[in-house]
Amino acid sequence: MIVRRRWTAAATTAILFSAVLSHPGPGSAAPADPAPPITLSATETAVVRVQLRDQAQLDRLVAAGADLANRPRARDGRILADLVLTGTQLAELSAQGATAVQIVQRAGDGSRHYAESVRAAQARTAAGLRAPAAGQRTTASAVDTLQVQQAYWWTTGGQTFLQAQVATTATDDPDVEITVSWRTADGATGSFPLFRFEDSGEYQYHYALPQPVPSRPVQLSATSSLGGVSRVITPTLWPNATPPPLPAGYQKDFIDAYLTPIDIQARIKRLARQYRDLVDVIDLPNKTQGYRRNAVAYLGDPAVAAVVVESVRFGDQGMNGVQVRTVDPGRPNRPLTVGYRDRVLTVSLATDTAGKTVSSTDEVATAINTRQPNRFRATVEDGSAGLPMPVAGPARLDDGLQGSEVPARPWTVQALRLGVHRDGSRVGVLAYSQEHAREWATPLVTLEFAERMLANSRTDPATRELLEQVDIFVIPTVNPDGANYSFNDFNMQRKNLVNHCTGPARDPKNRTSWGVDVNRNYTVGSYFDGYVGASANCLSGTYAGTAELSEAESSNVIALAQTHPNIRFAMNVHSYGGYFMWPPGAYRADGRVTLPRPSIDESTLFLDSARRIVGAIAQERGTVTWPSQTGPVADVLYSAAGNSADQLYYELGIFAWDFEVGNDRWNPGTGEWEGVGFQPPFDEAHGESQEYAGGLVELVRVARDHAAAQPAA
Ligand SMILES: [Zn+2]
């Protein structure tokens, strides 16, 4: 039995799941056109936008460690969540009443989009979104009070949008319906419903996704089904901040394809050579494991009875191709023996008086572990415990890694340091990306930013001045091993490549679920401190590791910040969804107690800076990050225990933000916001790199302005 058969996603059984794509808008009984069915083969993995049946279904998913790609949102009173799923899992969800709305990204899309780009160039853990119940209008005796917390409008791509957030004083009544009414300057009117938003069981507010309106809204008010009426207010322009205009001849667009970690290494080298006077390359202190895995094989048939045998060393360390087999000694009354010769591990099974083999799977695994502990590890395959061990093999051990061009050795993660004065005398800004391997667009953002600063410093006096005043640090790929795996083996890989699993969880059928979530491995508000949004399960998408900072990748980010105490601002670049966030990023489940809130002054700095940076992002192609997705992580996304921004802020006093690049795109044809995924067609990734690089340039201006306002040290 060749191990690879189990590993490759080639569907042996082409069970097709299909669901009817529908747009159940209010007032529309059925879609006008029959939409194509959403199909996913049983073993294919995809990012799917799913309309869930109810809150309980979401809670069950979160409890089961579902890989949530985005914050669940309300649409037409239902909960929408982007989930990383196989066809089998999608079929199960569908049987429980969920509906697939959009395939955001298929497993094959990433490699196709990568190949196309090269050719061309060359959980929320306990979120609550509840729909208003029908038919309970104004029957209650109590009248509530409504407060409009946010009402913002903006125009992008010729379409004006309005977004509102309203809180009722009837916080414990899940059936309160709130409706927002608006009027434009030229007298058009309309209304839309808001949806109750709970988090960790506590009422937060009512809100809706941005709604299209015909032109600038000048009046907004809200009414509730309990009779509450808000004040009439004038919506505010969002973000209402514009960066300085770019000078003629400003250079940009340095990204023409997706970049693998090897490409990134080469880019770093080129920039250092080309801009010698402005660049240092910093080798971060903790080498990663590298693109390596233990070699492994099933001895026996996992469908019948098998033992998983793996090498103690990595496959590339001479263990790929080693063979393992069980043999019948052909004589009665023989003991179980284990021998290793000429790269073949031979287990001779015990026999009874009649010469029949009598060893069990457990006995074979124990014998291998006892007699060859320095070379091999064996575990009984899940479901094979206590079964008679068959005569099997030889099976070839293999690490299963497909990326033949990736060097199999520990990897040195590198940072670029940019500036005229790289001596700690200037305020430092840190931009780092790809903590999560599958977020391919994120290094494009930080590298475009770095090269813009360097190229324009020679031609644009304003850029030169920024490099005089600010010391810039960029880590384009924090998690290169996971990224190599994402490009070569499994494009949905989120975590690093370190496998901390023990026992049956090491079965190679779990090979795409191993690794540590780098952005859950930091020390502040961590899983180990009792915060929500990370897992102790080594197979979970948010596995926190064996201890705080157990991983080289997270330790590198902190080491860089600690070694350079002039760093006062940081941006952690992720994808996707279109968010702009800052601490606190985690809370304890019990009572939803967050990490301490920033002071009023600091909150003002976070929000004012956010508006400037959101404004700069919008300059490129009109992408506006929603007000509802601008704010503290714990409020606008989910609790993320042990994330890097929280450690940078609470422990090192750094103003630490997070981007989720890749904003939803408005589809005027369907009237829906559509998700873009982790590895969109390259045109979209390119657009993200350009707009968010502009945001990082604005962050540098924020840092410069902040430093200039401080009394001289
Ligand atoms: Zn991420």
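Let me sum up the structure you'll find in this document. (Residues numbered from 1 in each chain as written. Predicted model: local features only at pLDDT ≥ 70, side-chain atom pairs only at ≥ 80, totals over all residues. Heavy atoms only, no water.)

### A look at the overall build of the chain
And step 1. Assigned secondary structure in the chain consists of 15 helices and 34 strands.
And step 2. On C-alpha atoms alone, the chain measures out to a radius of gyration of 28 Å, which is about the 27 Å that the 2.2 N^0.38 rule sets for 713 residues.
And step 3. Oriented by its inertia axes, the alpha-carbon framework of the chain measures out at about 95 × 70 × 45 Å.
And step 4. A burial count over the chain gives 57% of its 713 residues as buried.
And step 5. Accessible surface, the chain as shown: approximately 27500 Å² in total, 50% of it carbon and sulfur.
And step 6. For the chain, the distance from the average site of its 64 positive side-chain charges to the average site of its 74 negative ones is 5 Å. (Helix = DSSP H or I, 4+ residues; strand = E, 2+ residues; numbered from the N terminus. Rg over C-alpha atoms; globule rule 2.2 N^0.38 Å. Buried < 20%, exposed > 50% of the residue type's maximum accessible area, 1.4 Å probe, protein only. Areas by Shrake-Rupley, 256 points an atom, 1.4 Å probe, with all protein chains shown as cover. Lys, Arg positive; Asp, Glu negative; His and termini not counted. Charge placed at Lys NZ, Arg CZ, Asp CG, Glu CD.)

### A look at the sheet that holds strand E18 (residues 305-314)
And step 1. One open sheet accounts for three strands, arranged E17-E18-E22; its pairing is antiparallel. Two strands close off the open sheet at either side, each with one partner strand: strand E17 (294-301) and strand E22 (376-380). When strand polarity is set aside, the average angle formed by the axes of neighbouring strands in this sheet is 20°.
And step 2. The pairing of E18 with E22 spans five bridges and is antiparallel. By the bridge assignment, Val309 is partnered in E22 with Ala378. (Pairing = 2+ DSSP bridges. Axes fitted to C-alpha atoms, helices over the stretch in contact; angles between N-to-C directions.)

### Topic: the state of the cysteines
And step 1. Throughout the structure, instances matching the rule amount to one disulfide.
And step 2. In this model Cys501 forms its disulfide with Cys538; the gap between the sulfur atoms is 2.0 Å. The chirality of the disulfide connecting Cys501 with Cys538 is right-handed, given an S-S dihedral of about 110°. In this pair, Cys501 is assigned in the loop between helix H10 (480-488) and helix H11 (552-563) and Cys538 in the loop between H10 and H11, connecting sequence segments 37 residues apart. (Disulfide = S-S within 2.5 Å.)

### Things to note about helix H7 (residues 361-371)
And step 1. For H7, the complete set of buried residues consists of Thr361, Val364, Ala365, Ala367 and Ile368. The arc enclosing the buried residues of H7, seen along the axis, measures out at 160°, which places them on a common side.
And step 2. If you follow the buried residues of H7, they end up packed against E18, strand E20 (337-341), strand E21 (344-348) and E22. (Arc of directions from axis to C-beta. Contact = heavy atoms within 4.5 Å.)

### Side note on the sheet that holds E20
And step 1. In spatial order, the strands read E20-E21-E19-E23; together these four strands make up an open sheet with mixed pairing. Each end of this open sheet is capped by a strand with a single partner; those strands are E20 and strand E23 (395-396).
And step 2. As judged from the two bridges shared by strand E19 (residues 323-327) and E23, these two strands associate in the antiparallel manner. By the bridge assignment for E23, Gln323 is matched with Arg396.
And step 3. On the sheet, H7 packs against E20 and E21 and is oriented at approximately 50° with respect to E20.

### Overview of the coordination of the zinc ion
And step 1. For the zinc ion, the full set of protein donor atoms is His436 (ND1), Glu439 (OE), Glu439 (OE) and His574 (ND1), at a range of 2.1 to 2.6 Å.
And step 2. Its four donor atoms give the zinc ion angles of 55 to 139° at the centre, a pattern that matches the irregular case.
And step 3. All donors of the zinc ion come from a single chain, and their spacing in sequence reads H-x2-E-x134-H. Across the pair, Glu439 and His436 agree in class, each one buried. (Donors = N, O, S within 2.8 Å, 3.2 Å for Na, K, Ca; no water. Tetrahedral: all angles 85-135°; square planar, octahedral: opposite > 155°, others 65-115°.)

### Description of the packing of aromatic side chains
And step 1. Counted under the stated rule, the structure contains 28 aromatic pairs.
And step 2. With 6.2 Å between their ring centres and 80° between their planes, Tyr114 and Trp440 make a pair best called edge-to-face.
And step 3. Residue Tyr114 is classed as partly exposed on the basis of its relative accessible area of 22%.
And step 4. Its relative accessible area of 1% is what places Trp440 among the buried residues.
And step 5. Judged by centre distance (5.3 Å) and plane angle (75°), the ring pair of Tyr258 and Trp440 falls under edge-to-face. Of the two residues, Tyr258 sits in the loop between strand E15 (236-237) and helix H5 (261-274) while Trp440 sits in the loop between strand E25 (427-433) and helix H8 (441-457), which places them 182 residues apart along the sequence. Side by side, Tyr258 and Trp440 carry an identical accessibility label, which is buried.
And step 6. By the ring-pair criterion, three or more aromatic residues cluster together here, those being Phe569, Phe580, Trp582, Phe606, Tyr649, Tyr650, Phe655, Trp657, Phe659 and Tyr692.
And step 7. Its end group placed over the ring of Tyr485, Arg293 keeps NZ or CZ at 4.5 Å from the ring centre. (Phe/Tyr/Trp six-rings, centres within 6.5 Å; stacked < 30°, edge-to-face > 60°. Lys NZ or Arg CZ within 6 Å of the ring centre and 35° of its normal.)

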